[in-house]
Amino acid sequence: MALSSLGHVYTAIGDYPNALASHKQCVLLAKQSKDQLSEARELGNMGAVYIAMGDFDNAVQCHEQHLGIAKALENKREEARAYSNLGSAYHYHRNFDKAMSYHTHVLELAQELEEKSIEMRAYAGLGHAARCMQDLERAKQYHEQQLSIAEDLKDRAAEGRASSNLGIIHQMKGDYETALKLHKTHLAIAQELNDYAAQGRAYGNMGNAYNALGAFDQAVRYHRQELQISMEVNDRASQASTHGNLAVAYQALGAHDRALQHYQNHLNIARELRDVQSEARALGNLGNFHCSRGEFPQAVPYYEQYLRLSPDLQDMEGEGKVCHNLGYAHYCLGNYHDAVKYYEQDLALAKDLHDKLSQAKAYCNLGLAFKALGDFTKAEECQKYLLSLAQSLNNAQARFRALGNLGDIFVCKKDVAGAIQFYEQQLALAHQVKDRRMEACAYAALGATYRLVQKYDKALGYHTQELEVYQELGNASGECKAHGHLAAVYMALGKYAMAFKSYEEQLELGQKLKDPVVEAQVYGNMGITKMNVGVMEEAIGYLEQQLATLQQLSGNEALMDRGRAYGNLGDCYEALGDFEEAIKYYDQYLSVAQSLNRMQDQEKAYRGLGNGHRAMGSLQQSLVCFEKRLVVAHELGECGSKAQAYGELGALHSQLGNYEQSISCLERQLAIARDTKDKLLEGDASCGLGAVYQAMGEYETALRCHQSDLEIAEEAGSPARQGRAYGNLGLTYESLGNYERAVVFQEQHLSVAAQTNDLAAKTLAYGSLGRTHHALQNYSQAVMYLQEGE
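Residues numbered from 1 in each chain as written. Predicted model: local features only at pLDDT ≥ 70, side-chain atom pairs only at ≥ 80, totals over all residues. Heavy atoms only, no water.

The chain has the name Tetratricopeptide repeat protein 28 in an unreviewed UniProt entry, where Takifugu flavidus is given as its organism. Under Subunit (unreviewed entry), UniProt gives the following word-for-word description of the chain: "Interacts with AURKB." UniProt, in the comment section headed Function (unreviewed entry), describes the chain in these words: "During mitosis, may be involved in the condensation of spindle midzone microtubules, leading to the formation of midbody." (UniProt positions renumbered as here; feature names shortened; annotations may be inferred.)

Peer 1: Looking at this structure, how should I read the pattern of salt bridges?
Peer 2: Within the structure shown, the criterion is met by 34 salt bridges. Notably, a salt bridge pairs Glu144 with Lys140, separated by 3.4 Å at the nearest N-O pair. One end of the pair is Glu144 and the other is Lys140, both in helix α8 (residues 136-153) and four residues apart, which spans about a single turn. In this structure, Arg293 engages Glu295 in a salt bridge whose closest nitrogen and oxygen atoms are separated by 3.2 Å. (Salt bridge = Lys/Arg side-chain N within 4 Å of Asp/Glu carboxyl O. Helix = DSSP H or I, 4+ residues; strand = E, 2+ residues; numbered from the N terminus.)

Peer 1: What should I look at first to understand the packing of helix α24 (residues 456-473) against helix α25 (residues 476-493) in this one?
Peer 2: Each pair of packed helices can be described by the angle between their axes along with the distance between the axes. Between α24 and α25, the shortest axis-to-axis distance is 8 Å and the interhelical angle comes to 165°. It follows from the interaxial angle that α24 and α25 lie roughly antiparallel. In terms of crossing hand, the pair formed by α24 and α25 is left-handed. Residues Tyr456, Ala459, Leu460, His463, Thr464, Glu466, Leu467, Tyr470 and Gln471 of α24 pack against Gly478, Glu479, Lys481, Ala482, His483, His485, Leu486, Val489, Tyr490, Ala492 and Leu493 of α25. Here the contact of α24 with α25 is built from residues that sort into 11 nonpolar, six polar and three charged. (Axes fitted to C-alpha atoms, helices over the stretch in contact; angles between N-to-C directions. Parallel < 35°, antiparallel > 145°, perpendicular 65-115°, else oblique. Left-handed = near helix turned anticlockwise from the far one by under 90°. Contact = heavy atoms within 4.5 Å. Nonpolar A, V, L, I, M, F, W, Y, C, P; charged D, E, K, R; others polar.)

Peer 1: Sorry if this is basic, but what is going on with the packing of aromatic side chains here?
Peer 2: Each aromatic ring pair is specified by the distance between its two centres and by the angle formed by the two planes. Scanning all chains against the criterion turns up 19 aromatic pairs. Residues Tyr566 and Tyr585 carry aromatic rings whose centres are separated by 6.2 Å and whose planes lie at 25° to one another, so their mutual orientation is stacked. Taken as a pair, Tyr566 in helix α29 (residues 556-575) and Tyr585 in helix α30 (residues 579-595) lie far apart in primary sequence, 19 residues in all. Accessibility classification places Tyr566 together with Tyr585 in one group, the buried group. Aromatic rings pair up to connect Phe56, Tyr83, Tyr90 and Tyr102 into one cluster. Seen from the ring of Phe500, Lys530 lies directly overhead, with NZ or CZ sitting 4.3 Å from the centre. (Phe/Tyr/Trp six-rings, centres within 6.5 Å; stacked < 30°, edge-to-face > 60°. Buried < 20%, exposed > 50% of the residue type's maximum accessible area, 1.4 Å probe, protein only. Lys NZ or Arg CZ within 6 Å of the ring centre and 35° of its normal.)

Set out below in structure tokens:
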């Protein structure tokens, strides 16, 4: 008896090795004195300690030996106790079906024995198992029967436990008021019985209910009381889960540092207790915490540690969720191959569980990852699986999502007509189910697609309908987005005043919503609008406001937006001729792009730096930047970027007098233009080559290049390019001493410049005409042209 009591004390203080040793000695003594009943009970106690240690196999072995002895003794009460312990063990192992069957045996024996206390225990076990199987209605019935028996027996402690269980069920069903009443009853009983630990559990459950109600201050208050009690009674397991609950409440209150500290405490205690289930919960929560803040690199290791524990957890559903979250984190980090890997694991688990809704989610995200990888065939296949699952589940939301995703894939495939068909099906579905939000989303998608194919009237029509729906719904967030969409169409139309007005409306709504993400985005767009109309000082003001707003945000996206704002500020200062300031901002843009490994942004930053250094006369530094830009363009593999990089590098080499390297770069640009059948680019390359050959004194080759540029410009109907070619042909003939031909071409150059009102081109043409007439000794005409040019 002393050893048994000692074992219970060791268990209570969490010293499981000593608890196990005490109960083992007890079993040996019981065997020696042939006391089979004591032996059976002590085996049951050993099983309970093994469960606390996470050793499921040894626990089941002990409980089965307990059951065997009870059956041999034909002791129905002891048999019921053994079945109850086996039910708890299988519950811990998350095999709820088996737990149910053992608790059902307990119930049958209790009814046969007419033992109400055992019957009450059976209902408690059945209720817990039903709750974990998400069968809340059945769980509620079992716990109501548990409560009814406790009241009949006038067993106040049992009444408190049953009220607590029922409260949890009501909370899970969303009936928070009833849940709180039941938890308050539990608290009152625990206070009446001076049961400190039970008071702690009641405070914890009340905290959870307040958390679910969104009353996070109240939740924190109750969880802190729970934590205080669990520390005083040294209940480490309770401390662990309370830290987890406090973290959730602090996170909701925006106290992120405190939340992180409590999540970390939960993890540390769970590891100290070697409680794998609790450790897994803490790891999942830490991953979710970082994910919700956009801190994906920090989230990934926690999810990976969770998956390493998953063989011991036997929780396929939980494993699936973590695979899903890991896939999402990798997707957000741009690691699309890893995203595919984890979404495929998520899908396999959902199939094993025959969980159609989880399969649908996995197919949806797997399709998005394939789309990001450019594998449109697999992406389309996944979204079609999502569509058929949505139809079999009769889930309109999922059907709508699948149609939208299919539309997006067709946009990527440049099949705009196909995309529009899917978006129109979305709109029809929205009308059919009378869902106005869906309707607005479909209008948004249709508007964006028509903007893509430059059918701006239709785009404006759809975005106007989108705005009207959101205004009718009083949905400020949707209204905010719609103003942004309308502004984008006005920007594309070059109606900058209208665009700016829409952005002002969007900003006002963003400020009302206290949404710094929207505010920052709008300030950035307002800055770009001002850049487009050439009001650089005002643009700088808005871009600086964007940067100030972004300071409030964390995560990679906010950091990237900050980088792009630096890039835009660089463009503004470059346009104002303040190249030193421009270089400073391009440098900041580059360091952000490199830290996030965003190649496209690195390319833009190198280009800005190259142009800035060239304008300052630092041609060698400019060369380094343009060469790095070319390397990045090759890594990106985009023909347009490569061609542009070769062109700029070629022009710089020419300026440095490296004519051979210049020709090599410009010929690479020309080859890309011909491969991609880009006539305008071919014209640019020919123009660049003509200038180099002219500088080298190879005038005949230069003439051929400029003639080719002129033919392409005439074919494309581009006056500006025609003017450029006329001017270059005039300069080459001037260099050849053929002044009459030079005059003809420069007069055509001047005529085009006058039509397009291009002041820079007019100045160049007047200058050339002045020089040529001077060479022809037509001095009065030379003076006239040079005065015009001045």
